[in-house]
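Understanding the architecture of this molecule
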Amino acid sequence: MIEDARRIPSGTSLEADVCVVGAGPAGIALAREFVGSHYTVAVVESGGWRPDRATQSMLKGEAPEYWPLDHVRLSCLGGTTRVWSGWCRPLEPTVFEPRGWLNSDGWPFGRSELDPYYERAHGVCGLGPYDYRVDSWEEPGASRLQLPEDLVETALFHISRTRFGSAYRSELESAQNVRVLLNAAASELLVAESGGRVSRLEVRTQAGRSFQVAARCFILAAGGIENARLLLISDRTCDGGLGNAHGLVGRYFTEHLYVNSGRLELPVDRPEMRFYWPHDVSTEQRRGRVRAVFKLPLQTVEAERLLNCATFVLPPFENRATVSSSGAAAVQEIGAAVHRGWVSDDLGQNLAAFTRDPLGGLNAAFRRALLRQGTPREVQLRSYVEPLPNGDSRVSLLRDTDRLGRRRVRLDWIPAELEWRSIERLHELLEEAVRRAKLGRVYSFSPEDRPSREGGKHHMGTTRMHARSTRGVVDGDSRVHGIENLYVAGSSVFPTADFANPTLTIVALALRLADHVKGRLAAGAERSEVEGTPP
């Protein structure tokens, strides 16, 4: 069932076998795995059916040289899948392995451990067959460019149209053993007097009410920033927060560096370029939506000690640089707000900018609609790269609090020089490949004139996974070191990240965690211990 937590009386104590914090892709994937079982699940979600200004305001914080934090996250049923682009691809097998030049121990398990869960995640995300072989998805008029594969390779992404909140609303509403509590903000995890176990979750609402959820096990699935925030503010009995004995909670924040890195010019029309745009494939053998990218070959990455990196083609109607004016920028920002589903504080500024330059805004909208037709001979290239983990790139707490009294966060994102160098090297090889194949010409930015950077809004690494507590916050089962019944789901557990968007891996890890927790519950390993809760 789904209910509004604002109707729950203050002082109420709810009980469940499993308490999940967050109803984004990880939280919903987890909850669905328990539907129809004899275990009870409580899902605590700070937002409602859709984003609203009051709830989004609780996500504000400091983020120098980054997006406003309330613009890159959504508090609502389904989380950011409400507006996601749907790009899905598993992490490369080498990402799971130790890589000396990155000072990386890899993951506690190999890619083969996740492959069956990736296949299941395809179903959850509404994707086609779990097949990333490029030739499986090529068709006449939509196939890879014939480039020297020793220089660059073509890689495939599946594109999901699934919005988790709407796609799984009916299933969650009808589930008798799953209780989704909307407008319920997790404010603190409370540890039992015996220590080493979480006994209750303190929950608050904007209506001024508070209640608790007691459970046999707790799973944080609130995103790469909020997972760390909840651990850090749960410091009543643990100095520095839960799971933070070695000061690692919030550290190693990783994010995909995006840059508009150049353009590709073709002397003649090449319809196969549509293979690099989002497009539907419908054949007797394959059905799905895909797009392709150019990436660094694995042998180049290893030989030159680089990071995994990819460049994709921006169809002209996706290119924000199509028209450059204050009116165009205002239209783009207003459109982004409509896409997010809520109006931010800067709406007035954007409307004023549009009124000062209405022709620029209307021209931009017209050009974007017009450019959906045909295959152009010049396209924008946009690159992104595997982030290099850095302990100084982090989420930390501020003194300032939100309306519920929870301390806000500061985000410091520090891209590494190796990330820029990997993008530059990919462009060098792409230029050579296009020239050698006599297909056209690639124009790239110079190392002395780097373009402005953007984050991909993929928040990872803040509760990283490692077998040893001195190197990570959670172990290979996603359990917080030193706490028997507390787990973390989502991209915050990624110790390394690849260039692939994280959601498919988030869902795969959630399915794996659900299997693990069900096994623990069945074995009686997770027991209820609610007595001795701090007042």
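For the structure itself, consult the block above.
Described in the following lines is the structure provided in the data block.

Reading the values: rules and limits
Residues numbered from 1 in each chain as written. Predicted model: local features only at pLDDT ≥ 70, side-chain atom pairs only at ≥ 80, totals over all residues. Heavy atoms only, no water. Axes fitted to C-alpha atoms, helices over the stretch in contact; angles between N-to-C directions. Helix = DSSP H or I, 4+ residues; strand = E, 2+ residues; numbered from the N terminus. Left-handed = near helix turned anticlockwise from the far one by under 90°. Contact = heavy atoms within 4.5 Å. Nonpolar A, V, L, I, M, F, W, Y, C, P; charged D, E, K, R; others polar. 1 Å grid on protein atoms, 1.4 Å probe; cavity = no way out; pocket = protein on both sides within 12 Å on 5 of 7 lines; lining within 4 Å. Points joined across faces, edges and corners; volume = space filled by probe spheres on them. Salt bridge = Lys/Arg side-chain N within 4 Å of Asp/Glu carboxyl O. Buried < 20%, exposed > 50% of the residue type's maximum accessible area, 1.4 Å probe, protein only. Phe/Tyr/Trp six-rings, centres within 6.5 Å; stacked < 30°, edge-to-face > 60°. Parallel < 35°, antiparallel > 145°, perpendicular 65-115°, else oblique. Core = buried A, V, L, I, M, F, W, Y, C linked by side-chain atoms within 4.5 Å.

**Observations regarding the packing of helix H1 (residues 25-34) against helix H12 (residues 503-522)**
One can describe the packing of H1 onto H12 by two numbers: an axis separation of 8 Å at closest approach and a directional angle of 35°. As for how H1 packs across H12, the hand of that crossing is right-handed. The residues of H12 that touch H1, namely those facing Pro25, Ala26, Ala29, Leu30, Glu33 and Phe34, are Thr503, Ile506, Val507, Ala510, Leu511, Leu513, Ala514, Asp515, Val517, Lys518 and Leu521. Of the residues in the contact of H1 with H12, the class split is 13 nonpolar, one polar and three charged.

**Remarks on empty space enclosed by the protein**
In total, this model carries two cavities of 30 Å³ or more according to the counting rule given. Considered as a void within the structure, the second largest cavity measures approximately 30 Å³ in volume. Forming the walls of the second largest cavity are Phe253, Thr254, Glu255, Pro387, Leu388, Ser393, Trp413, Ile414, Pro415 and Glu419. Residue composition of the lining of the second largest cavity, by class: six nonpolar, two polar and two charged.

**Section: the pattern of salt bridges**
As enumerated under the stated definition, the model contains 41 salt bridges in all. Note that Asp402 is salt-bridged to Arg406, the shortest N-O span being 3.0 Å. This pair shows no difference in class: Asp402 is buried, exactly as Arg406 is. Its salt-bridge partner being Arg450, residue Glu417 comes within 2.6 Å of it at the nearest N-O pair. Highlighted residues: Glu417 in helix H11 (residues 417-436) and Arg450 in the loop between strand E17 (441-444) and strand E18 (454-455), separated in sequence by 33 residues. The class for Arg450 is partly exposed, based on a relative accessible area of 28%. Each of the salt bridges in this network shares a partner with another, and the network as a whole consists of Arg73, Glu226, Arg229, Asp402 and Arg406.

**Let's talk about the packing of aromatic side chains**
We describe a pair of aromatic rings using the distance from one ring centre to the other and the angle between the two ring planes. All chains considered together, the criterion is met by 21 aromatic pairs. Relative to Trp107, the ring of Phe96 has its centre 4.7 Å away and its plane inclined at 45°; by these criteria the two rings are tilted. Here the residue Phe96 occupies a position in the loop between strand E4 (87-88) and helix H3 (111-124), and Trp107 occupies one in the loop between E4 and H3, the gap between them amounting to eleven residues. We classify Phe96 as buried; its relative accessible area is 3%. We classify Trp107 as buried; its relative accessible area is 6%.

**A short note on the layout of surface pockets**
Taken as a whole, the second largest pocket holds about 310 Å³ of empty space. In this structure, the second largest pocket is lined by 20 residues; those nearest its centre are Arg89, Glu92, Pro93, Arg111 and Lys295. In terms of residues, the lining of the second largest pocket owes the most to one element, strand E5 (residues 153-159), which gives three residues. The residue makeup of the lining of the second largest pocket, split by class, is twelve nonpolar, two polar and six charged.

**A look at the packing of H3 against H12**
A pair of packed helices can be characterised by two numbers: the angle between their axes and the separation between those axes. Orientation of H3 relative to H12, taken along the N-to-C sense of each, is 110°, at an axis distance of 8 Å. Considering their axes alone, H3 and H12 lie roughly perpendicular with respect to each other. In the packing of H3 onto H12, the handedness of the crossing is right-handed. Every residue of H12 that contacts H3 at Glu113, Leu114, Tyr117, Tyr118, Arg120, Ala121, His122 and Val124 is listed here: Leu504, Thr505, Val507, Ala508, Leu509, Leu511, Arg512 and Asp515. The residue makeup of the contact of H3 with H12, split by class, is ten nonpolar, two polar and four charged.

**Digging into the nonpolar core**
A general trend in soluble globular proteins is that nonpolar side chains are found buried together. If you look at the biggest cluster of nonpolar residues, it comprises 104 residues, and the most contacted ones within it are Leu189, Leu201 and Leu486. Beyond its immediate sequence surroundings of up to four residues, Leu189 is in contact with Val198, Arg200, Leu201, Phe218, Leu220, Leu230, Leu231, Ser234, Leu242 and Leu486.

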